[in-house]
Amino acid sequence: MELSMIGTILLDLSLVGLVYAAALIFYRLYLSPLARFPGPRLAAATGLYEVYYQLIKGGIFTWQINRLHDQYGPIIRIKPDELHIRDPDYYATLYSGPGTHRNKEAGFSFIAFPQSIFSTEDHALHRDRRRVLGQFFKKNAILRLEPAIRANIALLEKHFASLVDTQGCLELHTAFQCFTSDTLSQYCFGRQQGFHYLEQPELSPTWKLRINWMFEFCRVNRHLPFLVVLARRWPAMAQRFCPPFAYILGMEQDVRSFVRHAIHQHKTQTSTVSASKTDTTTTTTTPNDPTPPIYPSILADPSVPPGEKDSPRLEDDAIFLMMAGTDAPSQALAITMFHILHNAEVHHRLKAELLAHIPDMRCIPALESLEQLPFLSATIKEGLRLSSIVTTRLPRIAPHETLRYQHWEIPAGTPVSMSTYFILRDPTIFPDPTSFRPDRWLLAEEDALRLQRYLVPASKGTLGCLGQNMNSAWMHLVLATLFRRYELALHDTTAANVEMTRDNFIGQTAVGANNVRVRVVGVGN
Ligand code: HEM
């Protein structure tokens, strides 16, 4: 083909592309059913508006949305096909419970783990998957898990005990990432399986690095999904060009191998049982186990369809669960501890309550009894509010319902999102919102319930977080144990070390600042 002909074809293609782009922008600005909604014209015209804030400006679109609300009002168009609402009282309507139909939006699923519960867009399939996984996170299941949680707190404590009266210090994100990844992986796959970071002589930063990089990549992946496809296809090259990709591969490989091991064990067990009904020595779950591990139990559950038990499906699910169930809770713990130690009065009152209710520090009471301690529980609520870990918006789609907000009618099928970060810091609900004030939760029952409606760090409704009972158990047991048994003090740590400045789905501090260091200056009595 002659060069001039190639030139002509390219020119024609460019012209077609330009006309198409111009027509699309015209449609979005003037003809789209969302054209009448307020917001910047640039955001209505192109998704590149968001990409600019997320990729070029380093992940600050959440804060830009908040500024746009100041300018345009409580409902705005933030993308050609998405609306955002800033009104805490609308949250329960959008993130509704059983009986209403809400779908997730494809762009907000982790594209890298399409078969995980979180990425399941289909309403009915999501409900079935949630029924299966949800049983392991009900309150009763968590109460049965309490001895296993305490066993890992004992291992965690050794690292604090080794620093008593030394000049050494301990980084809390690292410590709690070890605790959560050990506890959750052992619950997922059995105590012998799973991670054992806490048993190492030094607390390993491995999981913290893996999970931090995973969320760092999440921000990029959402806008440039082909990068994941390329990196998966050529992992060695990906690591060469981007060395931190090794953390992600390492994390995925470990969790995938746990799942494959569980499947292998299950097959061995099934064939052994059919060969000899009496020999069950190779089982990974036993009928009397009070806390049977999650994935072996799912594999053994005859009501779960075989297609739901294949390796790729369970691998995706387990990787997502390990991400969701480790980073947010360890950040919540570390940031809550920062605020307690940073506020002398809160610290003093918490210690006084623990001392009064736990006379013998060797005997930390049962979880259900710790949950009755008013100041400890208020401190945990305030920690969850102020840490507001999940900074992303989470769009919901009502496929068959016209949602109404004030005088606005939102066409069925439109992605609509809200950001819990700004509900948790709304000054009309939480006066002086950036201050750590557990007292705000110490209210008469009716007022407390009213305020509690706005405590939504883990979202709400049929698609909301599954792990809140687990998280609450971890926070009560860990904080009660550490604050009753040790005198702790911050070391070389300021508010900048816990301030979220970037939205990587999960909020992040400035790069490298997410360190909360403590010294152990004594033991309790
Ligand atoms: C401070 C602690 C936590 C916070 C702030 C948090 C927050 C969230 C949020 C915002 C979502 C998305 C919900 C939505 O799309 O509406 C979510 C989903 C999820 N979280 Fe959590 N989470 C926490 C702890 C945990 C723990 C400890 C676990 C498990 C051990 C867990 C497991 C999950 C699962 C499985 C989902 C997906 C639910 C689904 O798609 O049906 N989370 N979490």
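In the annotation of an unreviewed UniProt entry, the protein is listed under the name Cytochrome P450 and assigned to Aspergillus indologenus CBS 114.80. The record in UniProt for the protein states the following under Cofactor (unreviewed entry): "heme".

A.B. asks: With reference to specific residues and values, describe the packing of aromatic side chains.
C.D. replies: This model, assessed by the stated rule, comprises 25 aromatic pairs. Plain terms: the ring middles of Tyr-52 and Tyr-53 are 5.1 Å apart, the flat faces sit at 80 degrees to each other, and that makes the pair edge-to-face. By relative accessible area, which is 39% here, Tyr-52 ends up partly exposed. Tyr-53 sits in the buried class, given a relative accessible area of 13%. Here the aromatic rings of Phe-118 and Phe-505 are separated by 5.8 Å at their centres, their planes lie at 80 degrees, and the arrangement is edge-to-face. Here Phe-505 lies in the loop between β10 (502–504) and β11 (506–508) and Phe-118 lies in the loop between β3 (103–104) and α6 (123–134), a separation of 387 residues in the sequence. Here Phe-118 and Phe-505 have matching classes, each one buried.

A.B. asks: Let's hear about the sheet that holds strand β8 (residues 415–417): which residues, and what values?
C.D. replies: Spatial ordering of the open sheet is given by β1-β2-β8-β5-β3, a layout of five strands whose pairing is mixed. Each having just a single partner strand, β1 (75–79) and β3 make up the two edges of the open sheet. Sheet topology note: the strand β2 (residues 82–85)/β8 ladder contains two bridges and is parallel. Within the sheet, the bridge partner assigned to His-84 lies in β8 and is Ser-417. Against the sheet, helix α4 (residues 61–72) makes contact with β1 and β2, and its axis sits at roughly 140 degrees relative to β1, the strand it touches most.

A.B. asks: Please set out the pairing of strand β12 (residues 517–523) residue by residue, giving values where relevant.
C.D. replies: The side chains of a regular strand alternate between the sheet's two faces. Where strand β4 (residues 170–171) meets β12, two bridges bridge the pair, whose relative direction is antiparallel. When the bridges of β12 are listed, Glu-171 appears paired with Arg-517. Across five bridges, strand β9 (residues 486–490) lies against β12 in antiparallel orientation. Directly across from Glu-487, in β12, lies its bridge partner Gly-522.

A.B. asks: Tell me about the site of the ligand, and name the residues and values.
C.D. replies: Looking at the ligand, there are 29 residues lining it, with Lys-104, Arg-130, Arg-396, Ser-459 and Cys-465 nearest. In the environment of the ligand, an oxygen atom lies 2.7 Å from a nitrogen or oxygen atom belonging to the side chain of Lys-104. Under a 2 Å grid-point criterion requiring more than half of the atoms, the pocket assigned to the ligand is the largest cavity. Looking at the shell around the ligand, its residues break down into 19 nonpolar, seven polar and three charged.

A.B. asks: Talk me through the domain arrangement of the protein; I want residue IDs and the actual numbers.
C.D. replies: Its domain assignment divides the protein into domain 1 (1–31) and domain 2 (128–523). Computed from C-alpha coordinates alone, the two centres of domain 1 and domain 2 are separated by 49 Å.

A.B. asks: Could you give an account of the environment of Met-361, naming the residues involved and the relevant values?
C.D. replies: Among the secondary structure elements, Met-361 is positioned in the loop between α16 (344–357) and α17 (367–370). For Met-361, a relative accessible area of 23% corresponds to the partly exposed category. Each C-alpha atom of the pair Met-361 and Arg-484 lies 6.3 Å from the other, and the pair is 123 residues apart in sequence. Beyond its immediate stretch of four places on either side in the chain, Met-361 contacts Arg-484, Arg-485, Gly-524 and Asn-525.

A.B. asks: Describe the coordination of the iron atom of the ligand, listing the residues and the values that go with them.
C.D. replies: Within the protein, a single donor atom binds the iron atom of the ligand, namely Cys-465 (SG) at 2.3 Å. Within the secondary structure layout, Cys-465 lies in the loop between α20 (445–452) and α21 (468–485).

A.B. asks: Help me get a handle on the sheet that holds β9, residues and values and all.
C.D. replies: Strand order in the open sheet made by the three strands is β4-β12-β9, with antiparallel pairing throughout. Strands at the two margins of the open sheet, each flanked by one partner only, are β4 and β9. Where helix α7 (residues 139–161) meets the sheet, it contacts β4, β9 and β12, and its direction lies at approximately 65 degrees from that of β9.

Rules behind the numbers
Residues numbered from 1 in each chain as written. Predicted model: local features only at pLDDT ≥ 70, side-chain atom pairs only at ≥ 80, totals over all residues. Heavy atoms only, no water. UniProt positions renumbered as here; feature names shortened; annotations may be inferred. Phe/Tyr/Trp six-rings, centres within 6.5 Å; stacked < 30°, edge-to-face > 60°. Buried < 20%, exposed > 50% of the residue type's maximum accessible area, 1.4 Å probe, protein only. Helix = DSSP H or I, 4+ residues; strand = E, 2+ residues; numbered from the N terminus. Pairing = 2+ DSSP bridges. Contact = heavy atoms within 4.5 Å. Axes fitted to C-alpha atoms, helices over the stretch in contact; angles between N-to-C directions. Near = heavy atom within 4 Å. Polar contact = N/O pair within 3.5 Å; in protein donor to acceptor, adjacent residues only side chain to side chain. 1 Å grid on protein atoms, 1.4 Å probe; cavity = no way out; pocket = protein on both sides within 12 Å on 5 of 7 lines; lining within 4 Å. Sits in = over half its atoms within 2 Å of the grid points. Nonpolar A, V, L, I, M, F, W, Y, C, P; charged D, E, K, R; others polar. Domains from an automatic or database assignment. Donors = N, O, S within 2.8 Å, 3.2 Å for Na, K, Ca; no water.

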